[in-house]
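Here is what each chain is made of, one letter per residue.
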Amino acid sequence: MPERAAYDEALIACVDENQTFAYRLRLTFSAQEQNAIEEARQRKMAFIKLRSAISSKKLQQMATAYDGVLDTVKRVSAEERKLVRLAKDFIVASHKDDDQMIASIDADIQAHYRNKFVFTEQEQQRVELAQKRKIALMRLRMALLSRSVQPIVSAYDSVLLDTCKNVTREEAERVMLARQFAQALHGNNHQAILSAVSAIKGSTYSPQFVFTAQEQVRIEQARKESPSGGGPAYA
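Below is a summary of the structure that appears in this document. (Residues numbered from 1 in each chain as written. Predicted model: local features only at pLDDT ≥ 70, side-chain atom pairs only at ≥ 80, totals over all residues. Heavy atoms only, no water.)

1. Section: the overall build of the protein
A tally of regular secondary structure across the protein gives 12 helices and zero strands. By residue count, 36% of the 235 residues in the protein fall in the buried class. For the protein, contacts bridging at least 24 residues in sequence account for 66% of all contacts bridging at least 6. Surface exposure of the protein reaches about 14300 Å², of which carbon and sulfur atoms provide 53%. (Helix = DSSP H or I, 4+ residues; strand = E, 2+ residues; numbered from the N terminus. Buried < 20%, exposed > 50% of the residue type's maximum accessible area, 1.4 Å probe, protein only. Contact = heavy atoms within 4.5 Å. Areas by Shrake-Rupley, 256 points an atom, 1.4 Å probe, with all protein chains shown as cover.)

Encoded structure:
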């Protein structure tokens, strides 16, 4: 059987050229033939719409232009399908507010398809925000690996990460525990220090924290000066 697009073109041309002749002879098409003609027209129009969207280089147009009737049309190249997939993925990632996915898609575009897309100002700003959040999240995760309170607190960028959906629940909770302890130390509040230590020790993240020698000295001082004695030592 000829390639689908060529077959569609031939069928449509044949029908169009013979419409007047068919009318004169009172020719009629069967339901199956009419369906085949209509499907061929749909595929042709879908292909024209897709090519127009790709020529525009606009993400939104590419993402919405693709019609499932083109799935079996070989005239749609592998690169065109890739462009559509990238455009769709970008729109989905934007709707999900997924910074990691947005940054990953942009990296793919910049590496292989830079001349195939033109971002709107809003899309470019969203990419830049995703890139900043990705870097901030990487910095935070490196600090979390250290298990040390001060590096964790210093690495957390609240402006970028408070609304970043790629920050996991575990990461957010560990940052909160580190912040509570750091704030208690800064305020030199013995009871707050002991409460922060107790919160860390009572959490599932206890093994993921290591206090410096100086912090351990401050904790011990807080215990000695606390009316309640502060409970057992934490190492």
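What follows picks up the thread again.
2. A few points about the packing of aromatic side chains
All chains considered together, the criterion is met by two aromatic pairs. Ring geometry for Phe-90 versus Phe-119: centroids 5.7 Å apart, planes at 40 degrees, classification tilted. One end of the pair, Phe-90, is in helix H5 (residues 78–96); the other, Phe-119, is in the loop between helix H6 (99–112) and helix H7 (121–146), with 29 residues separating them in the sequence. For the pair Phe-90 and Phe-119, one class covers both residues: buried. With centroids separated by 4.7 Å and ring planes inclined at 50 degrees, the aromatic side chains of Phe-181 and Phe-211 adopt a geometry described as tilted. Taken together, the residues span a long stretch of sequence, with Phe-181 in helix H10 (residues 169–187) and Phe-211 in the loop between helix H11 (190–201) and helix H12 (213–225) at a distance of 30 residues. The two residues Phe-181 and Phe-211 agree in class, both being buried. Directly above the ring of Phe-47 sits Arg-75, whose terminal nitrogen or CZ lies 5.4 Å from the centroid. (Phe/Tyr/Trp six-rings, centres within 6.5 Å; stacked < 30°, edge-to-face > 60°. Lys NZ or Arg CZ within 6 Å of the ring centre and 35° of its normal.)

3. What about the pattern of salt bridges?
Applying the stated criterion to the full structure yields 10 salt bridges. The residue Asp-99 makes a salt bridge to Arg-126 at a minimum N-O spacing of 2.9 Å. One end of the pair, Asp-99, is in helix H6; the other, Arg-126, is in helix H7, with 27 residues separating them in the sequence. Looking at Asp-99, the relative accessible area reads 0%, which means it is buried. (Salt bridge = Lys/Arg side-chain N within 4 Å of Asp/Glu carboxyl O.)

4. Comments concerning H5
Here H5 is 19 residues long and its end C-alpha atoms lie 27 Å apart, about the 27 Å a rise of 1.5 Å per residue gives. Those residues of H5 that fall on the buried side of the exposure criterion are Glu-80, Leu-83, Val-84, Leu-86, Ala-87, Phe-90, Ile-91 and Ala-93. After H5 finishes, the residue Asp-97 shows a positive phi value of roughly 60 degrees. (Expected span 1.5 Å × (residues − 1).)

5. Quick look at the packing of H11 against H12
Contact geometry of H11 with H12 gives a least axis separation of 9 Å together with a crossing angle of 120 degrees. The orientation of H11 with respect to H12, classified from their angle, is oblique. Both H11 and H12 take part in a crossing whose hand is left-handed. Residues His-190, Ile-193, Leu-194 and Val-197 of H11 pack against Arg-218, Ile-219, Ala-222, Arg-223 and Glu-225 of H12. For the contact of H11 with H12, the class distribution of residues is five nonpolar, one polar and three charged. (Axes fitted to C-alpha atoms, helices over the stretch in contact; angles between N-to-C directions. Parallel < 35°, antiparallel > 145°, perpendicular 65-115°, else oblique. Left-handed = near helix turned anticlockwise from the far one by under 90°. Nonpolar A, V, L, I, M, F, W, Y, C, P; charged D, E, K, R; others polar.)

6. So, the nonpolar core
Counting 30 residues, the largest nonpolar core has Leu-140, Ile-152, Leu-161, Phe-181, Ile-193 and Phe-209 as its most contacted members. Secondary-structure elements contributing two or more residues to this core are H7, helix H8 (149–155), helix H9 (158–161), H10, H11 and H12. For Phe-181, the residues in contact, after removing those within four places along its chain, are Val-149, Ile-193, Ala-196, Val-197, Ile-200, Phe-211, Glu-215 and Ile-219. Among the nonpolar cores identified, the runner-up in size contains 26 residues, and Phe-47, Leu-83, Ile-109 and Tyr-113 belong to it. (Core = buried A, V, L, I, M, F, W, Y, C linked by side-chain atoms within 4.5 Å.)

7. Points about the packing of H6 against H7
Interaxial distance between H6 and H7 falls to 8 Å at its minimum, and their mutual angle equals 115 degrees. Here H6 and H7 pass one another in a crossing that is left-handed. Across from Asp-99, Gln-100, Ile-102, Ala-103 and Asp-106 in H6, the residues of H7 making contact are Arg-126, Val-127, Leu-129, Ala-130, Gln-131, Arg-133, Lys-134, Leu-137 and Arg-141.

8. What to know about unusual backbone geometry
The phi torsion at Asp-97 lies on the positive side, around 60 degrees, for a residue other than glycine. Looking at where Asp-97 falls in the secondary structure, it is placed in the loop between H5 and H6. Located in the positive-phi region is Asn-188, a residue other than glycine, with phi close to 50 degrees. Along the chain, Asn-188 turns up in the loop between H10 and H11.

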